[in-house]
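Per-entry structural report
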Amino acid sequence: MNNTRKILLLFLLSSIAYFGQQENRDSLSVFSDSLSVASDSVSVDSAASGGSDIKDIVYASAEDSLSFDVPGKKMYVYGSGEIKYLTTELKSGHIVSDFTTNEIAAFGVADTSDSTGQSLMDTPVLSEGGEVYEGSSLKYNFKTRRGLISMAKNVKNDSRYEGEKVKKVNENTFFIKDGIYTTCGGDPPHTHFSASEMKVIQNDRIFAKWIFMHIAGIPIPIPLPFGVFPNQSGRRSGIIIPGFGKDYRRGQYFKGFGYYWAISDFMDLSLQGDYYMKGGWGANTRFRYKKRYNYTGSIDAAYSKIIIGEEGDEESSVQTDWRISVVHNQNLTPTSSLNVNMYFQSGSYLQNTSTNYSDVLRKNIVSNATYNKRWDESGNSMSINYSRNQNIEDDIITEVLPSMNFNIPTSYPFRKKGGGRDMDWYEYIGYSYNGQFKNQRKFEAEDMEVKGGIQHSVNLSASPKLGYFNISPSVRYNEKWYDKHIKKEFITIDSSQPEALTKYASSDSLVTREVKELGFVRTFDFSLSASTKLYGMFPVNNFGIDAFRHTVSPSISYNYRPDFSEEQWGYYDYYTDSTGEKTYYDKFSEGIFTGATKGESQSVRLSVGNLFEMKTLKDQTDTTSEAKKYNLLNLSAGVGYNFAADSLNLSDLSLSYRTSIGDILDFNGRSSYTFYDYDSTRQVNRFLVSKGKGLFRIRNFSLSMNLNISGDKISGEERTGEDQVRDPQLFDEFAGSEYISLYDERPPDFSIPWSIRLGLNYSYSQSTPVSSTVRTTANISASVNLTKNWKITASGGYDFEQHDITAPRVTVFRDLDCWEMNFSWMPMGTYRGYRFEIRMKAPTLRDIKVEKSGGLYSGR
């Protein structure tokens with residue numbers, strides 16, 4: 001039926017076009033750009049002489065009927081009709097098309113279910129270029145794309161505007177009489193802005209004057225003279241509204257006032273400033289950029305001058321803080337990349353400016369810049385790195401400029417092409433290499449300490465398999481190059497040593513000085529290990545359990561390292577003290593890669609790993625069911641014996657264990673035990689068992705438990721939360737929100753009805769039989785959705801030895817339709833404080849808020 005109507009419509013349009021060539025057209029009085037919308041008629045321009053202005057097929061359909069007035073060149077659509085022309089689509093209960101004037105009119109029809117006869121149904125809905133407009137009646141011109149809509153509204157993304165009359169003056173511009181703008185749902189909306197006159201520019205802005213804000217239908221009596229609202233989602237340029245507050249030291253303030261410039265989808269800039277009434281100010285800026293699949297980065301700078309107290313007061317102070325950060329991440333080629341994360345700031349910057357709890361507790365500022373390069377064919381890789389560590393408390397800065405690494409992965413020079421299982425023993429021989437150059441500078445007060453060196457490491461290994469055993473011999477060679485070493489001397493001051501007196505010390509003392517001389521430290525060690533695996537199966541076939549499996553992984557290894565403190569190696573020197581006793585020391589101990597290890601080592605180590613697993617049965621009633629495997633317990637033990645040691649040859653027995661129940665509960669533990677006895681002050685070369693004190697004594701024990709449960713995990717539901725997939729070429733919407741509000745936090749996830757995270761840590765250390773320390777701490781975080789709109793989160797910790805609560809925090813969130821309420825409270829501690837905030841949810845209106853804060857959140 002629809003195809004028949006389309007063919008008939010095409011025939012009639014052709015006829016209308018033919019007759020239209022024989023007639024003249026009335027002229028159209030063009031709309032002015034004023035907001036005068038009193039007339040309900042829409043005039044049209046003169047048609048192009050010689051033919052109709054219809055340039056494409058017009059499709060029409062209706063549930064009731066289509067009728068045509070051929071002499072009058074009109075078409076009538078009745079009953080849920082629809083007309084499509086190019087990118088324009090119109091739906092309405094009654095449509096009249098005039099092909100002489102290219103004008104179309106649409107009306108809603110009376111709702112027969114309404115006894116009052118005042119309700120309408122099938123009201124006009126106009127879609128054009130991705131925009132949708134609704135109203136009770138509509139007049140529109142296909143050619144000029146101008147029109148008039150009565151009781152119109154437009155809904156786009158999370159906002160909408162509507163008005164008594166809407167006049168379209170061109171493709172992108174509308175004028176609205178008695179209009180409203182809102183980001184809330186509902187009809188009427190809970191909160192909206194009303195204005196007698198509005199101008200809308202599609203995908204740009206909405207301009208309005210004399211604006212009243214309505215909450216719950218009640219207007220706020222004080223209007224705004226004018227306003228500009230964004231009419232497009234995403235990042236938009238504009239003024240950043242400041243936050244206002246009071247600080248007991250700095251007085252009233254406004255913070256974060258500035259301008260945000262969305263230069264493009266891949267670049268933006270923000271400029272912000274702070275001002276305190278009692279004195280002091282601050283300024284910061286951030287420039288961000290991003291190129292899809294190539295690079296991203298930002299440059300951030302801030303400066304503040306904080307004045308506390310009145311000039312002349314004893315407690316008055318002036319403090320200057322600053323910060324500069326540069327972040328850049330780029331894939332230079334498919335095999336090379338550059339990653340820069342540099343942060344430079346004054347030591348007190350975070351403590352004086354940040355309201356983030358983790359920031360004010362931070363002790364170090366770490367910076368890194370790394371260039372990485374790899375060669376796919378050989379597998380070789382190289383990296384060049386600059387690193388900087390700034391200790392805020394001690395004001396000590398350590399930087400490495402540069403650190404260069406070159407790595408050759410394990411290669412098998414004797415292996416035949418193609419490999420295979422039946423390889424000769426020499427084909428298992430492989431080698432690897434790592435070379436490193438490092439130059440380090442340490443700044444403390446006005447002193448600077450410089451260290452540098454080159455290190456080469458070569459590892460020669462093999463991994464043949466003999467029957468059920470894996471045999472792994474290995475030789476490691478290490479060589480360090482230094483341009484200096486230390487010289488220690490014991491200086492005795494007397495009158496015959498004036499030079500020593502003035503140059504080294506004023507009294508008898510041990511003096512350490514540097515000697516500029518090229519030196520080498522060459523060390524090596526050898527190891528041989530053998531390992532295998534044993535399996536044990538325990539079938540059950542009941543209670544949903546198929547079987548238990550126990551895997552035992554024993555291994556034994558032998559390690560040899562000579563004593564590099566012997567004189568023949570030349571790495572150790574000695575000094576003689578005032579008593580004539582010689583003391584040996586490592587000449588390269590202060591080198592950047594340290595020196596040579598003292599003492600010979602010939603040790604054997606035995607370790608046993610145990611893995612206990614369970615396998616479930618398939619559900620015979622479910623064809624898609626699969627068997628599952630669970631790790632029940634990981635238990636390993638190890639002990640060693642050093643044949644070259646002069647005493648205490650037997651090492652501590654070490655145990656480690658871990659078990660978990662899915663991803664809900666996790667246990668980790670470690671412990672160590674000594675076999676030797678103690679006298680009153682130290683460990684002696686005497687076994688405990690020889691004195692009837694048992695086989696061994698505990699030295700250290702630690703246990704941690706982590707519980708993580710939530711409503712979705714218990715019920716087995718898979719929830720997506722509130723995160724949305726974002727276009728990788730654009731900036732993260734939330735990341736840009738810091739330019740809008742001072743204390744933005746990620747919105748709570750209502751998709752998880754409740755959750756509990758509990759961490760328990762216990763440690764016990766017994767250095768001597770009569771001396772021990774115990775530390776027990778607990779951390780808990782819990783959240784619950786009281787209703788679909790209320791969410792409460794609480795977190796904190798407890799130290800059982802100190803009987804102290806650590807870092808407690810309570811957060812209450814309330815979803816108020818188009819508003820949201822957030823309350824954060826830290827009730828105790830150095831950084832206690834609170835923040836109460838009610839604001840609109842829409843990103844474009846997040847600066848409309850009511851806020852009260854104190855303590856940590858008071859603006860600092």
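Throughout this document, residue positions are counted from 1 along each chain, in the order its sequence is written. Residue-level local features of this predicted model are given only where pLDDT is at least 70; pairs of side-chain atoms are given and counted only at 80 or more, and the full residue set underlies all totals for whole chains, interfaces and linings. The side-chain quantities take in all heavy atoms of the structure and omit both hydrogens and water.

Considerations on the overall build of the protein chain
Secondary structure elements are defined from DSSP: runs of H or I of at least 4 residues count as helices, runs of E of at least 2 residues count as strands, and each element is numbered from the N terminus. Secondary structure summary: the protein chain contains five helices and 51 strands in total. We call a residue buried when its accessible area falls under 20% of the maximum for its residue type, exposed when it is over 50%, and partly exposed in between, using a 1.4 Å probe and counting protein chains only. Out of the 860 residues belonging to the protein chain, those deemed buried represent 37%. Note on definitions: a residue-residue contact is assigned when non-hydrogen atoms from the two residues lie within 4.5 Å. Considering only intrachain contacts with a sequence separation of at least 6, the fraction spanning at least 24 residues in the protein chain is 49%. The Shrake-Rupley method, run with a 1.4 Å probe, gives the accessible areas here. Residue values count only the displayed protein chains as cover. Just so you have it, the protein chain exposes about 48900 Å², and 55% of that area is on carbon and sulfur atoms.

Things to note about the environment of Gly-833
If you trace the backbone, Gly-833 turns up in strand E50 (residues 833-840). Between the C-alpha atom of Gly-833 and that of Ser-853, which follows or precedes it by 20 residues, the distance is 7.4 Å.

Re unusual backbone geometry
For the bond from Leu-401 to Pro-402, the omega torsion is -10 degrees, close enough to zero to count as cis. Not every positive phi belongs to a glycine, and Lys-73 is a case in point at roughly 55 degrees. You can see Lys-73 is positioned in the loop between strand E2 (65-69) and strand E3 (74-85). Taking the relative accessible area as the measure of exposure, Lys-73 reaches 4% and is therefore buried. For His-803, which is not a glycine, the phi torsion comes out positive at approximately 55 degrees. Structurally, His-803 is set in the loop between strand E47 (790-799) and strand E48 (804-816).

A few points about the state of the cysteines
Here a disulfide denotes a covalent bond joining the sulfur atom of one cysteine to the sulfur atom of another. Two cysteine sulfur atoms make up a disulfide if the distance between them is within 2.5 Å. Using the criterion set out here, one finds one disulfide in the structure. Sulfur-sulfur distance for the disulfide between Cys-184 and Cys-818 comes to 1.8 Å. Sign of the S-S torsion, about 85 degrees for the bond between Cys-184 and Cys-818, identifies this disulfide as right-handed. Of this pair, Cys-184 sits in the loop between strand E13 (173-182) and strand E14 (191-201) while Cys-818 sits in the loop between E48 and strand E49 (819-826), placing them 634 residues apart in sequence. Using a relative accessible area of 4% as the deciding quantity, one classes Cys-818 as buried.

A few points about the packing of aromatic side chains
Working definition: rings of Phe, Tyr and Trp (its six-membered ring) pair if their centres are within 6.5 Å, and the pair is stacked with planes under 30 degrees apart, edge-to-face with planes over 60 apart, and tilted otherwise. Scanning the model with the defined rule gives 20 aromatic pairs in all. The structure contains a cluster of three or more aromatic residues connected by ring pairs, namely Phe-524, Phe-564, Trp-569 and Tyr-571. Note on criteria: charge over ring means Lys NZ or Arg CZ within 6 Å of the ring centre, with the direction from the centre no more than 35 degrees off the ring normal. Between Arg-415 and the ring centre of Tyr-412, over which it is positioned, the NZ or CZ distance is 4.0 Å.

Remarks on the pattern of salt bridges
Within this document, salt bridges are pairs made up of a side-chain nitrogen of Lys or Arg and a carboxyl oxygen of Asp or Glu, the two lying within 4 Å of each other. Across all of its chains, the model carries 20 salt bridges by this definition. Its salt-bridge partner being Arg-686, residue Asp-677 comes within 3.0 Å of it at the nearest N-O pair. The class for Asp-677 is buried, based on a relative accessible area of 3%. Exposure remark for Arg-686: the relative accessible area of 29% places this residue in the partly exposed category. Taken together, the salt bridges that share partners define one network made up of Arg-286, Asp-300 and Arg-323.

As for the pairing of E49
Here E49 lies mainly inside the structure; six of its eight residues are buried. Strand pairing is defined by DSSP finding a minimum of two bridges between the two strands. Pairing of E48 with E49 involves seven bridges; the strand directions are antiparallel. Residue pairing across strands places Leu-816 opposite Trp-819, the latter belonging to E49. Following E48, the chain reverses through two residues before pairing antiparallel with E49; Asp-817 in that reversal takes a positive phi of roughly 65 degrees. In this sheet, E50 lies alongside E49 in antiparallel orientation, the contact comprising eight bridges. Counterpart to Asn-822 in the pairing with E50 is Glu-837.

With respect to the nonpolar core
Formed by 38 residues in total, the largest nonpolar core has its most connected members in Ile-83, Tyr-161, Tyr-181, Phe-193 and Met-840. Residues in contact with Phe-193, not counting those within four places in the same chain, are Gly-179, Ile-180, Tyr-181, Ile-211, Phe-212, Met-213, Phe-229, Met-840, Leu-845 and Ile-848. Only buried residues count toward a nonpolar core. Its members are Ala, Val, Leu, Ile, Met, Phe, Trp, Tyr and Cys residues joined through side-chain atoms within 4.5 Å. Core analysis: the next-biggest nonpolar cluster, separate from the first, contains nine residues, Phe-588, Ile-592, Phe-593 and Ala-596 among them.

Some remarks on the environment of Leu-269
By the element assignment, Leu-269 lies in strand E21 (residues 267-276). By relative accessible area, which is 23% here, Leu-269 ends up partly exposed. Put simply, Leu-269 and Phe-287 are 18 residues apart on the chain and 4.5 Å apart in space, counted from C-alpha to C-alpha. Dropping the residues within four chain positions of it, Leu-269 is found in contact with Tyr-259, Tyr-260, Trp-261, Ile-263, Thr-285, Arg-286 and Phe-287.

Overview of the side chain of His-214
In this structure, His-214 sits in strand E15 (residues 205-215). Under the relative-accessibility criterion, His-214 is labelled buried at 14%. As used in this structure description, the phrase polar contact means that two N or O atoms lie within 3.5 Å; if the pair is within protein, one of them must be able to donate a hydrogen and the other to accept it, and residues adjacent in sequence are counted only when both atoms belong to side chains. There is a polar contact of 2.8 Å between the side chain of His-214 and the side chain of Ser-194. The contact partners of His-214, leaving out residues within four places of it in the chain, are His-190, Thr-191, His-192, Ser-194 and Pro-219.

As for the confidence of the model for the protein chain
Segments scoring low in pLDDT should not have their predicted coordinates read at a detailed level. For every residue, the predictor assigns a confidence score, pLDDT, that lies between 0 and 100. Scored by pLDDT, the protein chain comes out at a mean of 79, with 80% of its residues at no less than 70. Within the model, pLDDT remains below 50 along residues 1-51, and this stretch shows 87 contacts once partners closer than five positions in the same chain are excluded. Between residues 718-744, whose pLDDT stays under 50, and residues either more than four places distant or in other chains, the model counts 71 contacts.

Focus: the side chain of Gln-455
Relative to the assigned elements, Gln-455 resides in strand E30 (residues 447-461). Every residue in contact with Gln-455, bar those within four places of it in the chain, is listed here: Asn-434, Gly-435, Gln-436, Asn-478, Glu-479, Lys-480 and Phe-593.

Topic: the pairing of strand E23 (residues 295-308)
Pairing of strand E22 (residues 280-291) with E23 involves twelve bridges; the strand directions are antiparallel. Its bridge partner being in E23, Asn-284 is matched across the sheet by Ala-302. Following E22, the chain reverses through three residues before pairing antiparallel with E23; Tyr-293 in that reversal takes a positive phi of roughly 60 degrees.

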